[in-house]
Amino acid sequence: MNPVATPLDVKLMNTTAVVLLVGFCILGAVATARWAARLPIFDIAGITVTGEVTHNSALNLRANVAPRIGGTFFTVDLTQVRGVFESVPWVRQAVVRRDFPNRLLVKLQEHQAVAYWGSEGDSQLINNYGEVFEANVGEVEQDMLPRLSGPEGQSVEVLNMYRTLKPLFLALDLELEQVELTGRGSWRVHLDNGADIEMGRGSIEEVAARVQRFLKTVTQVAARYGRHANAVESADLRHDNGYALKLRGVSTTVADTPKK
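These notes cover the structure that comes with them. Given the structure is predicted, the values throughout are model-derived calculations rather than measurements.

This part takes up the environment of Ala66. One can find Ala66 in the loop between α2 (58–65) and α3 (78–86). Taking the relative accessible area as the measure of exposure, Ala66 reaches 35% and is therefore partly exposed. Apart from residues no more than four positions distant in its own chain, Ala66 is found in contact with Ile47 and Leu61.

What follows is the structure in structure tokens.
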């Protein structure tokens, strides 16, 4: 005896019933999850701060940041929390994650100041990544940081130029105090002995080669006039085959050729 086939309309009704049942179950589960996520037990009860906290104590960070954080363990916006921490002076990066059932774990990386940025008196600094940041310069721990300056967005290039030139001048016991990239793309430095060196335009490699040629001969040139390299008052390296040099008490020109 052949089984009786289920009518099509009955199949459709059964399928519809199953779909509705599954839909109601899903909606119920979502509603339950949303209700549970807002239970007081999941309210953020604490924030554990680790990492670099030299300029901001963990206690002060928690006290200042916690009131700006809303939501529970499940609903808190971690991106927003990260932004709140990274808005604190000296904080470069914050990594935030949940710690069940009601805590947040935050690991901080602070800016490591390597130079001042901008004009004298500006409160901007550069970190070791070449990023410019705002902070209280009175909290800088290192003594005698150099001052770097240049057009907006060029801080990485200026820092790289400083790092390239510093050991070249140190070979003659001369310390770089300032490195500047002008708006027209020309480089100049100021040394700890008060000397100003105009280096002209070019890439870091081109300028470094120009400086090396200058430093290889400046000691001998200064010696002709009874001076040492630290007697340099100013120099202009924007010449094809030489440089213009001014020594304290002496004025002379080497290889008088057209400027670049």
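Still more ground to cover, so stick around.
The full count for this structure, using the stated rule, is five aromatic pairs. Considering the side-chain rings of Phe73 and Phe100, the 5.4 Å spacing of their centres and the 85 degrees angle between planes classify their relative orientation as edge-to-face. Separated by 27 residues along the polypeptide, Phe73 in the loop between α2 and α3 and Phe100 in the loop between β2 (91–99) and β3 (103–110) bring together distant segments of the chain. For the ring pair Phe214 and Tyr243, a centre distance of 4.9 Å and an interplane angle of 90 degrees mean the geometry is edge-to-face. One end of the pair, Phe214, is in helix α5 (residues 204–224); the other, Tyr243, is in strand β12 (residues 243–247), and 29 residues separate them in sequence. A connected cluster of aromatic rings, assembled from ring pairs, spans Phe73, Phe74 and Phe100.

When charged atoms on two side chains of opposite charge get close, those side chains can pair. Evaluated as defined, the whole model comprises six salt bridges. Between Arg92 and Glu131 there is a salt bridge, and its shortest N-O distance comes to 2.8 Å. Linking Arg92 in strand β2 with Glu131 in the loop between β5 (124–127) and β6 (132–134), this pair joins segments that are 39 residues apart in sequence. We note a salt bridge from Glu233 to Lys246, for which the minimum N-O separation is 3.6 Å. Of this pair, Glu233 sits in strand β11 (residues 232–236) while Lys246 sits in strand β12; the two residues are 13 residues apart in sequence, bridging distant segments of the chain.

Attention now moves to the sheet that holds β2. Sheets are built from strands paired through backbone hydrogen bonds, the pairs being either parallel or antiparallel. Pairing in this open sheet of three strands is mixed, and the strands run β1-β3-β2 from one edge to the other. Across the chains shown, the open sheet's two edge strands, defined by having one partner strand only, are β1 (46–51) and β2. Along the sheet, successive strands turn relative to each other by an average axial angle of 25 degrees, direction set aside. Relative to β3, β1 runs parallel, the two sharing six bridges. Bridging from a neighbouring strand, Thr48 pairs with Leu105 of β3. Relative to β2, α3 is tilted by about 145 degrees, and along the sheet it contacts β1, β2 and β3.

Take the nonpolar core next. Within the largest apolar cluster, 38 residues are counted, with the highest numbers of intra-cluster contacts made by Leu165 and Ile197. Looking at this core, the elements that each hand over two or more residues are β4 (113–117), α4 (155–170), β8 (176–181), β9 (187–191), β10 (196–200), α5, β11 and β12. Formed by 17 residues, the second largest nonpolar core is a distinct cluster that contains Ile47, Val76, Val88 and Val96.

Thresholds, definitions, all that
Residues numbered from 1 in each chain as written. Predicted model: local features only at pLDDT ≥ 70, side-chain atom pairs only at ≥ 80, totals over all residues. Heavy atoms only, no water. Helix = DSSP H or I, 4+ residues; strand = E, 2+ residues; numbered from the N terminus. Buried < 20%, exposed > 50% of the residue type's maximum accessible area, 1.4 Å probe, protein only. Contact = heavy atoms within 4.5 Å. Phe/Tyr/Trp six-rings, centres within 6.5 Å; stacked < 30°, edge-to-face > 60°. Salt bridge = Lys/Arg side-chain N within 4 Å of Asp/Glu carboxyl O. Pairing = 2+ DSSP bridges. Axes fitted to C-alpha atoms, helices over the stretch in contact; angles between N-to-C directions. Core = buried A, V, L, I, M, F, W, Y, C linked by side-chain atoms within 4.5 Å.

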